[in-house]
Amino acid sequence: KRYVESMDFSIDSESLITSSSDKSVRIWDLNKEKKENFSMGNHRVQEVKFVPNSQNFVTAGTNDFLKIWDSRDGSFIRDLIFHKGKINALSFHPEEPVMLSAGSDKYWVLWNVKSGEVIRSRKGHSSQILSATISPKGNYFATAGSDLSVIIWKYPQGEQVIKLKGHKKAITTLDFSPDGKFL
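Residues numbered from 1 in each chain as written. Predicted model: local features only at pLDDT ≥ 70, side-chain atom pairs only at ≥ 80, totals over all residues. Heavy atoms only, no water.

J.: Looking at this structure, how should I read the pattern of salt bridges?
T.: Counted according to the given criterion, the structure contains five salt bridges. Taking the shortest distance from any N to any O, the salt bridge between R72 and D70 comes out at 2.7 Å. (Salt bridge = Lys/Arg side-chain N within 4 Å of Asp/Glu carboxyl O.)

J.: Quick question: what am I supposed to make of the packing of aromatic side chains here?
T.: Ring pairs (aromatic) are described by centroid distance and by the angle formed between their planes. Inspection of every chain in the model, using the stated rule, returns seven aromatic pairs. Each member of the aromatic cluster is reached from another via a ring pair, and the members are F38, F57, W69 and F76. Above the ring of Y140, the side-chain terminus of K154 is found at 4.8 Å from the ring centroid. (Phe/Tyr/Trp six-rings, centres within 6.5 Å; stacked < 30°, edge-to-face > 60°. Lys NZ or Arg CZ within 6 Å of the ring centre and 35° of its normal.)

J.: Teacher, can you tell me more about the sheet that holds strand β13 (residues 129–134) here?
T.: In sheet architecture, strand pairing relies on hydrogen bonds along the backbone and comes in two forms, parallel and antiparallel. Strand order across the open sheet formed by four strands is β13-β14-β15-β16, with antiparallel pairing between neighbours. On the outer flanks of this sheet lie β13 and β16 (159–165), each paired with one strand and no other. Taking the axes of each pair of neighbouring strands and ignoring which way they run, one obtains an average angle of 20° across the sheet. (Pairing = 2+ DSSP bridges. Helix = DSSP H or I, 4+ residues; strand = E, 2+ residues; numbered from the N terminus. Axes fitted to C-alpha atoms, helices over the stretch in contact; angles between N-to-C directions.)

J.: Explain the sheet that holds strand β7 (residues 65–70) here, please?
T.: Read from one edge to the other, the open sheet built from four strands follows the order β5-β6-β7-β8, with strand pairing classed as antiparallel. The outermost strands of the open sheet, each flanked by one partner alone, are β5 (45–50) and β8 (76–81). Averaged over all pairs of adjacent strands, the angle between strand axes in this sheet comes to 20°, irrespective of strand direction. The pairing of β5 with strand β6 (residues 56–61) spans five bridges and is classified as antiparallel. Paired with K49 across the two strands is V58, which belongs to β6.

J.: For this particular structure, what's the right way to read the pairing of strand β15 (residues 149–154)?
T.: In the case of a regular strand, side chains alternate between the two sheet surfaces. Of all the six residues making up β15, five are buried; the element is thus mostly covered by neighbouring parts of the structure. As paired strands, strand β14 (residues 140–145) and β15 are joined by five bridges and run antiparallel to one another. Following the sheet pairing, Y140 is matched in β15 by K154. Judged from the six bridges that link them, β15 and β16 form a sheet pairing that is antiparallel. Across the sheet, I151 pairs through a bridge with K163, a residue of β16. Linkage of β15 to β16, two consecutive antiparallel strands, is achieved through a turn of four residues, within which G158 is found at a positive phi near 75°. (Buried < 20%, exposed > 50% of the residue type's maximum accessible area, 1.4 Å probe, protein only.)

J.: Hey, could you run me through the side chain of K49 in this one?
T.: For K49, the position within the fold is in strand β5. K49 has contacts with D8, F57, V58, L90 and F92, leaving out every residue within four places of it along the chain. (Contact = heavy atoms within 4.5 Å.)

J.: What should I look at first to understand a nonpolar patch on the surface in this one?
T.: Where nonpolar side chains cluster on the molecular surface, the patch consists of V161, I162, L164 and L183 and spans about 310 Å² of accessible area. Its location among the elements puts L183 in the segment after β16. (Patch = residues over 30% accessible without salt bridge, like charges linked within 9 Å, V, L, I, M, F, W, Y side chains within 5 Å. Areas by Shrake-Rupley, 256 points an atom, 1.4 Å probe, with all protein chains shown as cover.)

J.: Please explain the environment of Q128 as it appears in this structure.
T.: Its location among the elements puts Q128 in the loop between β12 (118–123) and β13. Looking at Q128, the relative accessible area reads 24%, which means it is partly exposed. A polar side-chain atom of Q128 sits 3.1 Å from a polar atom in the side chain of N88. (Polar contact = N/O pair within 3.5 Å; in protein donor to acceptor, adjacent residues only side chain to side chain.)

Pasting the structure below:
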């Protein structure tokens, strides 16, 4: 069985990008009901996101690194290498060219999307990080994982603000409310 692993709307809401367990990425033009198919080779994509304010998208997979692609023709642009293991989560800063990634290696990483360089990284949990998100104002980010905790971090310093516990099973997803007041 094949299934959709991840999806993301473009900022203008005219396109939807999806990744599948069949190692493909599809970009759907929602106005023309047309799709572009891109094979990812042996890169199984766990997470896919459009890069804000660009013609690119980024994939995170089971093979330790992130890849940036051109959405117009699917051509490969660059690898972003840091993680050791599956990358489970991606999020973009609302105003800066910064991306947050997190994975099974227990690390979160802030990347400069334009240069591909690591801005900051930290081992954030005692087991794999399953979800990560940046707040709507960009002043905080949060991570959650198999260790049953949610941690809120100050952006860009990466300092822990608070660690929240209370779930009885792994936390697989989290997001801030649009006004940033709730998680």
